[in-house]
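Examining the three-dimensional arrangement
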Amino acid sequence: MSEVSTEGFRLLPGRLSPQAQAVLVGQVLARLEAAPAYKPITPGGKPMSVTMSNFGALGWFTDARGYRYQDRHPLTDEPWPDIPATLLELWAELADPAVPPDACLVNLYGPDAKMGLHQDRDEADFRFPVLSVSLGDTAIFRIGGAKRSDPTRSIRLSSGDVCLLAGPARLAHHGIDRVIAGSSRLIPGGGRINLTLRRAAPAG
Ligand code: MD3
Ligand code: FE
């Protein structure tokens with residue numbers, strides 16, 4: 001079998017210490033009080049199994065009108081909460097020291113949540129990487145190539161893992177096949193939280 005490689009994909013297993021993970025979960029849950037997670041609806045009219053919210057100037061959103069970034073929470077009509085400083089520091093260290101992220105998508109996975117194979121194409125400039133932080137239950141992540149029909153490989157994303165998607169990997173198809181319920185005790189009540197830092201608007 002030939003190895004499927006994705007140039008520009010970097011996985012940093014256990015990049016966040018258990019202590020740092022616990023602090024981050026607290027910061028995320030506090031912000032979700034003000035910006036509650038909601039169930040997004042795809043442009044095709046199907047509710048996603050993941051619930052979502054956002055931090056930062058811009059938040060990724062989907063409903064019957066399509067995918068987009070917007071500056072307000074769809075239910076509260078308030079600006080999104082700020083991005084925790086520890087995440088901004090992580091981005092400066094690993095992604096781009098000059099241009100900060102303006103969007104942090106928060107994906108919440110219960111035991112039955114998954115995310116189908118897709119590309120992230122709603123950002124203005126694909127030269128900026130995406131940085132992902134996994135917290136809580138382990139996920140079975142799938143990543144392929146630029147074409148939907150390209151071969152894929154399966155990778156476990158565990159609590160504290162950070163992954164960086166740059167270069168060709170930035171436009172790779174990817175998704176979450178499933179979450180291993182009960183594999184972590186980090187999040188009260190269980191589940192998985194994925195945080196993706198992005199630059200959604202053009203730089204400058
Ligand atoms: C590969 N999130 O929010 S994170 C998403 O675990 C998303 O919630 C998944 O896909 C999750 O769009 C996967 C890892 C990830 C994030 C962005 C990518 C992988 C990526 C962008 C391009 C290629
Ligand atoms: Fe994605």
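Note: the structure precedes this text.
Residues numbered from 1 in each chain as written. Chains lettered and ligands numbered in written order. Predicted model: local features only at pLDDT ≥ 70, side-chain atom pairs only at ≥ 80, totals over all residues. Heavy atoms only, no water.

What to know about the sheet that holds strand E10 (residues 162-165)
The strand order E1-E10-E7-E12-E5-E2 describes an open sheet built from six strands, whose pairing is antiparallel. At either margin of the open sheet sits one strand with a lone partner, and together these are strand E1 (9-12) and strand E2 (51-55). Pairs of neighbouring strands in the sheet enclose a mean axial angle of 20°, with direction left out of account. The pairing of strand E7 (residues 130-136) with E10 spans four bridges and is antiparallel. Paired with Leu131 across the two strands is Leu164, which belongs to E10. Helix-sheet contacts for helix H2 (residues 85-94) involve E1, strand E5 (103-109), E7, E10 and strand E12 (192-198), and the interaxial angle to E7 is about 135°. (Pairing = 2+ DSSP bridges. Helix = DSSP H or I, 4+ residues; strand = E, 2+ residues; numbered from the N terminus. Axes fitted to C-alpha atoms, helices over the stretch in contact; angles between N-to-C directions. Contact = heavy atoms within 4.5 Å.)

Here we look at the site of ligand 1
Neighbouring residues of ligand 1: 20 residues in total, closest Asn107, Tyr109, His174, Arg192 and Arg198. Contact between ligand 1 and His118: an oxygen atom at 3.2 Å from a side-chain N or O atom of the residue. Here ligand 1 has 500 Å² of accessible area as a free molecule, and 98% of this is covered by the chains. More than half of the atoms of ligand 1 fall within 2 Å of the grid points belonging to the largest pocket. Elements with a contribution of two residues or more to the shell around ligand 1: E5, strand E6 (115-118), E7, E10, strand E11 (174-179) and E12. The element best represented in the shell around ligand 1 is E12, accounting for four residues. Residue classes in the shell around ligand 1 are distributed as 10 nonpolar, six polar and four charged. (Near = heavy atom within 4 Å. Polar contact = N/O pair within 3.5 Å; in protein donor to acceptor, adjacent residues only side chain to side chain. Areas by Shrake-Rupley, 256 points an atom, 1.4 Å probe, with all protein chains shown as cover. 1 Å grid on protein atoms, 1.4 Å probe; cavity = no way out; pocket = protein on both sides within 12 Å on 5 of 7 lines; lining within 4 Å. Sits in = over half its atoms within 2 Å of the grid points. Nonpolar A, V, L, I, M, F, W, Y, C, P; charged D, E, K, R; others polar.)

Some words on H2
Residues lying three or four places apart along an α-helix face the same way, a consequence of the helix completing one turn every 3.6 residues. Restricting attention to buried positions, one finds in H2 the residues Leu87, Leu90, Trp91 and Leu94. Around the axis of H2, the buried residues are gathered within 100° of arc, so they sit on the same side. In this structure, H2 carries Glu89 and Glu93 as exposed residues pointing more than 90 degrees from its buried face. Those residues of H2 hidden inside the fold are in contact with E1, helix H1 (18-34), E5, E7, E10 and E12. (Buried < 20%, exposed > 50% of the residue type's maximum accessible area, 1.4 Å probe, protein only. Arc of directions from axis to C-beta.)

Focus: the pattern of salt bridges
Here the structure, examined in full by the defined rule, presents 10 salt bridges. In this structure, Asp102 engages Arg199 in a salt bridge whose closest nitrogen and oxygen atoms are separated by 3.7 Å. Placement of Asp102 in the loop between H2 and E5 and of Arg199 in the segment after E12 is noted, with a sequence separation of 97 residues between them. The pair formed by Asp102 and Arg199 is uniform in burial state, with each residue classed as buried. Of the charged contacts in the structure, one is a salt bridge between Asp120 and Arg198, with a shortest N-O distance of 2.9 Å. On the criterion of sequence distance, the pair formed by Asp120 in the loop between E6 and E7 and Arg198 in strand E12 is long-range, its members being 78 residues apart. (Salt bridge = Lys/Arg side-chain N within 4 Å of Asp/Glu carboxyl O.)

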